[in-house]
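So you can see what is in the structure, the chains are spelled out below.
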Amino acid sequence: MPAKTHVESFDLDHTKVRAPYVRLAGRKATPSGDAISKWDLRLVQPNQQEIATAPLHTMEHLLAGYLRDAFEGTPANVIDCSPMGCRTGFYLTLVGEPDADVVRSAFLEAMQHVATHDGEIPGCSPERCGNWRDHSLHGANAWAREILDAGVIVQETIALP
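The structure presented is a predicted model; accordingly, all values stated were derived computationally and were not measured. (Residues numbered from 1 in each chain as written. Predicted model: local features only at pLDDT ≥ 70, side-chain atom pairs only at ≥ 80, totals over all residues. Heavy atoms only, no water.)

Visitor: For the packing of helix H1 (residues 53–70) against helix H3 (residues 137–150), give the residues involved together with the corresponding values.
Guide: For any two helices packed against each other, one specifies the inter-axial angle together with the distance between the axes. The N-to-C vectors of H1 and H3 enclose an angle of 80°; their axes lie 8 Å apart at closest approach. It follows from the interaxial angle that H1 and H3 lie roughly perpendicular. Facing Pro-55, Thr-58, Met-59 and Leu-62 of H1, the residues of H3 in contact are Leu-137, Gly-139, Ala-140, Trp-143 and Ile-147. Of the residues assigned to the contact of H1 with H3, the class counts are 7 nonpolar, 2 polar and no charged. (Axes fitted to C-alpha atoms, helices over the stretch in contact; angles between N-to-C directions. Helix = DSSP H or I, 4+ residues; strand = E, 2+ residues; numbered from the N terminus. Parallel < 35°, antiparallel > 145°, perpendicular 65-115°, else oblique. Contact = heavy atoms within 4.5 Å. Nonpolar A, V, L, I, M, F, W, Y, C, P; charged D, E, K, R; others polar.)

Visitor: Can you explain the packing of H1 against helix H2 (residues 100–116)? Please cite residues and give values.
Guide: It is at 9 Å that the axes of H1 and H2 come closest, and there the two elements cross at 130°. The pairing of H1 with H2 is recorded here as oblique in orientation. Between H1 and H2 lies a crossing of right-handed hand. Between H1 and H2, the contacting residues are Met-59, Leu-62, Leu-63, Tyr-66, Leu-67 and Ala-70 on the first element and Ala-106, Phe-107, Glu-109, Ala-110, Met-111, His-113 and Val-114 on the second. Taken together, the residues of the contact of H1 with H2 break down into 11 nonpolar, 1 polar and 1 charged. (Left-handed = near helix turned anticlockwise from the far one by under 90°.)

Visitor: Which residues make up the sheet that holds strand E1 (residues 21–29), and what values go with them?
Guide: Each strand in a sheet pairs with its neighbour through backbone hydrogen bonds, running either in the same direction (parallel) or in the opposite one (antiparallel). Reading across from one edge, E3-E4-E2-E1-E5 is the order of the 5 strands in this open sheet, with mixed pairing throughout. Bordering the open sheet on either side are strand E3 (77–83) and strand E5 (153–154), each of which pairs with just one other strand. Strands in contact with H1 are strand E2 (35–42), E3 and strand E4 (89–95); relative to E3, the strand with the most contacts, it is inclined by about 175°. (Pairing = 2+ DSSP bridges.)

Visitor: Summarise H2; cite the residues concerned and give the values.
Guide: With 17 residues, H2 should reach 24 Å at 1.5 Å per residue; the first-to-last C-alpha distance of 25 Å fits that figure. Along H2, the residues that are buried comprise Ala-100, Val-103, Ala-106, Phe-107, Ala-110, Met-111, Val-114 and Ala-115. Its buried side turned inward, H2 meets E1, E2, H1, E4, H3 and E5. The N-terminus of H2 is capped by Asp-99, whose side-chain oxygen sits 2.9 Å from the backbone nitrogen of Asp-101. (Expected span 1.5 Å × (residues − 1). Buried < 20%, exposed > 50% of the residue type's maximum accessible area, 1.4 Å probe, protein only. Polar contact = N/O pair within 3.5 Å; in protein donor to acceptor, adjacent residues only side chain to side chain.)

Structure below.
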């Protein structure tokens, strides 16, 4: 039986977007009226590339802290940043509805840190991570540099007809 709930990302024409980008993927309000925004942080072109699990996993661990730091002083607070199952990017969930340029700037700042991070991967131990052996700092650094070199744009939603 198909789900009754509409999933926005299934209506996005993945053949027409141009990665890397940031894109507002949805808005909701809590019962108390707080705004929640969901952002598509697309790293690579859908259906043409994907990031292997080890570097993507490391990027997830690094972005968990670096994105929170990058949004300090803005009207938004990070709830979560989770990798997409297709391994082409992340979904970023925020309290607040910042302008796309604010999200792009914070994402670029965080990715600069991922590109240059050396040393320990935060939360990379059997006690803190459910798959702690599946990491690649070198891979995360390289992907972050490649994404930054490609230039991150603000992408409008291109819906399927």
